[in-house]
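One-letter residues, chain by chain:
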Amino acid sequence: MSPKKEQFLEEGFRWFGPADPVPLAFIRQSGAESVFTSLHEIPYGAPWPEAAVAARRRLVENAGLRWAAVESVPVSEAVRTRSGPFARHIENYRATLRALAAQGVRLVIYNFMPVLDWIRTDLRFRLPDGSACLRYDPAQFAAFEIGLLKRPGAERDYTPDQLARARAFLASLNESRRAAFERSIIDVFPGCSLGLGLPDIRRMIDAYRDITPDGLREHLRLFLQAVAPVAQECGLRLAIHPDDPPFPVLGLPRIASNLSDFLKILSWHDGDANGVCFCTGSLGASPDNDLPAMLDALAHRVFVAHLRSTQREPGGAFHESGHLEGSVPMFAIVRRLLALQHQRLAAGGPRLLFRPDHGRDMADDLDKPPPPNPGYAFIGRMKGLAELRGLQAGILGSQSAAA
Ligand code: DNO
């Protein structure tokens, strides 16, 4: 007997709003049930008017989908550094949570990564089969930091071999490739361009000069102390997204990279409002993260999952592999998520939500201009979704055959 739809994890798909070249109608055709989206047009730190939330919700629902997760309500740099207008931004965040809850949107993903969101050094890395994916190479990042950003002391964060490769890489770039490389690192915020230049990045980094990892932790704790009770009161869950990549970059603290980080964060507010977005691709980029063990330890507070894989390469680089390939043990993860969902359903809880994260640029997506949101072309993500659905069908089917 084939497994029933309700036994599968709830399938979501990221949508970047009306400006996304991938329309809701395509998402519906992929078989996904829900979307992860955000009001990307609202500046970081500003409150979201309930009317705008309601209008976005109608767009999603009119397409036959559900707005299951906000990804993300961004946390501003003022809040992370507790400087400038941070108190007003926190108040705005609380108002946004209330507006979302009033419109029935009950899950908010956020991150606490200083300065930049996720970082890659190649947004169209060609694979032997002709498709392209996102890749991070520490030697290329060193080239950015040393050759373009000119961050004092950056050399100290790299090995002699990485520094030699960084120099060779820089020398290989002509003027226009250099400019494109710079933009691809400093201006790829999810769903929007912040239009930042190198002087902005230098200024933003400088704001962290007196902030240690424990200092940044304290800022996150204070943020949660202010927003989690509001979330709790209106039945909304907050899920922190791991650092991507899960190790320090730009000489800045990182506080959501491994199990001990997450256990600390979860200990600060003991309620349903404070949980984790289990992003396998981000976490899997570090060989120190044992993903199945992390999932077991965090299971009670995993509110949502991003499923994708990364292939770690020798020398510290990684690229985004197929969803069932690479360094992430996807079978072990999906089996655990299905078991977790089973327990939650038995206790009267909701299904567990995931989305296929990122995908390759492939087939005729390669003939189109690079997606404005790198990693988010349609076909590659749909392939990932289909593979993950097949993996679930296999696990569920073999379990019922064994019963
Ligand atoms: C990358 C995404 C991240 C994520 C945010 C969450 O594709 O996983 O941009 O949405 O960091 O706040």
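Residues numbered from 1 in each chain as written. Predicted model: local features only at pLDDT ≥ 70, side-chain atom pairs only at ≥ 80, totals over all residues. Heavy atoms only, no water.

## With respect to the overall build of the protein chain
Link 1 in the chain: Helix and strand content of the protein chain: 14 helices and 12 strands.
Link 2 in the chain: In summary, the protein chain has a C-alpha radius of gyration of 21 Å against a globular reference of 22 Å for 403 residues, a match within 12%.
Link 3 in the chain: Among the 403 residues that make up the protein chain, the fraction classed as buried is 58%.
Link 4 in the chain: Within the protein chain, contacts between residues at least 6 apart in sequence are counted, and of these 71% link residues at least 24 apart.
Link 5 in the chain: Total accessible area on the protein chain stands at roughly 16300 Å², and carbon and sulfur atoms take up 56% of it.
Link 6 in the chain: With 47 positive and 45 negative side-chain charges, the protein chain shows a spacing of 2 Å between the two charge centroids. (Helix = DSSP H or I, 4+ residues; strand = E, 2+ residues; numbered from the N terminus. Rg over C-alpha atoms; globule rule 2.2 N^0.38 Å. Buried < 20%, exposed > 50% of the residue type's maximum accessible area, 1.4 Å probe, protein only. Contact = heavy atoms within 4.5 Å. Areas by Shrake-Rupley, 256 points an atom, 1.4 Å probe, with all protein chains shown as cover. Lys, Arg positive; Asp, Glu negative; His and termini not counted. Charge placed at Lys NZ, Arg CZ, Asp CG, Glu CD.)

## What about the packing of aromatic side chains?
Link 1 in the chain: In total, this model carries 12 aromatic pairs according to the counting rule given.
Link 2 in the chain: For the pair Tyr44 and Phe189, a centre-to-centre distance of 6.4 Å together with 80° between the ring planes defines the contact as edge-to-face. Pair noted here: Tyr44 is in the loop between strand S2 (34-37) and helix H2 (50-62) and Phe189 is in the loop between helix H7 (175-186) and helix H8 (198-206), with a separation of 145 residues, a long-range link.
Link 3 in the chain: Residue Tyr44 is classed as partly exposed on the basis of its relative accessible area, which comes to 27%.
Link 4 in the chain: Residue classification places Phe189 among the buried positions, given a relative accessible area of 8%.
Link 5 in the chain: The ring of Phe112 has Arg80 lying over it, and the distance from NZ or CZ to the ring centre is 5.8 Å.
Link 6 in the chain: Its end group placed over the ring of Phe303, Arg237 keeps NZ or CZ at 5.2 Å from the ring centre. (Phe/Tyr/Trp six-rings, centres within 6.5 Å; stacked < 30°, edge-to-face > 60°. Lys NZ or Arg CZ within 6 Å of the ring centre and 35° of its normal.)

## Notes on the sheet that holds strand S7 (residues 237-240)
Working definition: the strands of a sheet are paired by backbone hydrogen bonds and lie parallel or antiparallel to each other.
Link 1 in the chain: Pairing within the closed barrel is parallel, and its 8 strands lie in the order S1-S2-S3-S4-S7-S8-S9-S12. Neighbour-to-neighbour, the strand axes of the sheet open up by a mean angle of 30°, direction not taken into account.
Link 2 in the chain: Taken together, the 4 bridges between S2 and strand S3 (residues 66-71) define a ladder with parallel strand orientation. Directly across from Thr37, in S3, lies its bridge partner Val70.
Link 3 in the chain: Across the sheet, helix H9 (residues 213-233) touches strand S4 (107-110), S7 and strand S8 (274-279), and the angle it forms with S7 is around 155°.
Link 4 in the chain: Where helix H12 (residues 291-298) meets the sheet, its contacts fall on S8 and strand S9 (302-307), and the angle it forms with S8 comes to roughly 160°. (Pairing = 2+ DSSP bridges. Axes fitted to C-alpha atoms, helices over the stretch in contact; angles between N-to-C directions.)

## Remarks on the pattern of salt bridges
Link 1 in the chain: Per the counting criterion, the structure on display carries 34 salt bridges.
Link 2 in the chain: Glu11 serves as the salt-bridge partner of Arg389, at 2.7 Å between the closest nitrogen and oxygen. With Arg389 in helix H14 (residues 378-402) and Glu11 in strand S1 (residues 10-14), this pair connects stretches of sequence that are 378 residues apart.
Link 3 in the chain: Look at Glu11 and you get buried, because its relative accessible area is 2%.
Link 4 in the chain: Here Arg221 ties to Glu218 by a salt bridge, and the two come within 2.9 Å at their closest N and O atoms. (Salt bridge = Lys/Arg side-chain N within 4 Å of Asp/Glu carboxyl O.)

## Side note on the packing of helix H5 (residues 138-149) against helix H6 (residues 160-172)
Two numbers describe a pair of packed helices, the interaxial angle and the distance between the axes.
Link 1 in the chain: Close contact between H5 and H6 brings their axes to 8 Å; oriented N to C, the two are set at 70°. In terms of their interaxial angle, H5 and H6 are classed as roughly perpendicular. In this structure, H5 crosses over H6, and the sense of that crossing is right-handed. Where H5 approaches H6, its residues Pro138, Ala139, Gln140, Ala142, Ala143, Ile146 and Gly147 are matched on the opposing element by Gln162, Leu163, Arg165, Ala166, Phe169 and Leu170.
Link 2 in the chain: Looking at the contact of H5 with H6 residue by residue, the classes come out as 9 nonpolar, 3 polar and 1 charged. (Parallel < 35°, antiparallel > 145°, perpendicular 65-115°, else oblique. Left-handed = near helix turned anticlockwise from the far one by under 90°. Nonpolar A, V, L, I, M, F, W, Y, C, P; charged D, E, K, R; others polar.)

## Structural notes on the site of the ligand
Link 1 in the chain: Taken together, 15 residues sit near the ligand, with Glu71, Ser72, Asp117, His358 and Tyr376 positioned nearest.
Link 2 in the chain: Here an oxygen atom of the ligand and a side-chain polar atom of Glu71 are 2.4 Å apart.
Link 3 in the chain: Taking Asn111, its side chain carries an N or O atom lying 2.9 Å from an oxygen atom of the ligand.
Link 4 in the chain: When isolated, the ligand has an accessible area of 330 Å², and the protein chains bury 100% of it.
Link 5 in the chain: For the shell around the ligand, the class distribution of residues is 5 nonpolar, 5 polar and 5 charged. (Near = heavy atom within 4 Å. Polar contact = N/O pair within 3.5 Å; in protein donor to acceptor, adjacent residues only side chain to side chain.)

## Notes on H5
Link 1 in the chain: Burial of H5 is extensive: 11 of the 12 residues sit out of reach of the surface.
Link 2 in the chain: Those residues of H5 that fall on the buried side of the exposure criterion are Pro138, Ala139, Gln140, Phe141, Ala142, Ala143, Phe144, Glu145, Gly147, Leu148 and Leu149.
Link 3 in the chain: Those residues of H5 that are buried lie in contact with strand S5 (122-126), strand S6 (132-136), H6, H7 and H8.
Link 4 in the chain: Measuring from the side-chain oxygen of the N-cap residue of H5 to the backbone nitrogen of Ala139 gives 2.9 Å; that N-cap residue is Asp137.
Link 5 in the chain: Positive phi shows up at Lys150, right after H5, with a value of about 60°.

## What to know about the environment of Arg126
Link 1 in the chain: Mapped onto the secondary structure, Arg126 falls in strand S5.
Link 2 in the chain: Between the alpha carbons of Arg126 and Asp361 there is a distance of 9.3 Å; along the sequence they are 235 residues apart.
Link 3 in the chain: The contact partners of Arg126, leaving out residues within four places of it in the chain, are Ser131, Ala132 and Leu366.

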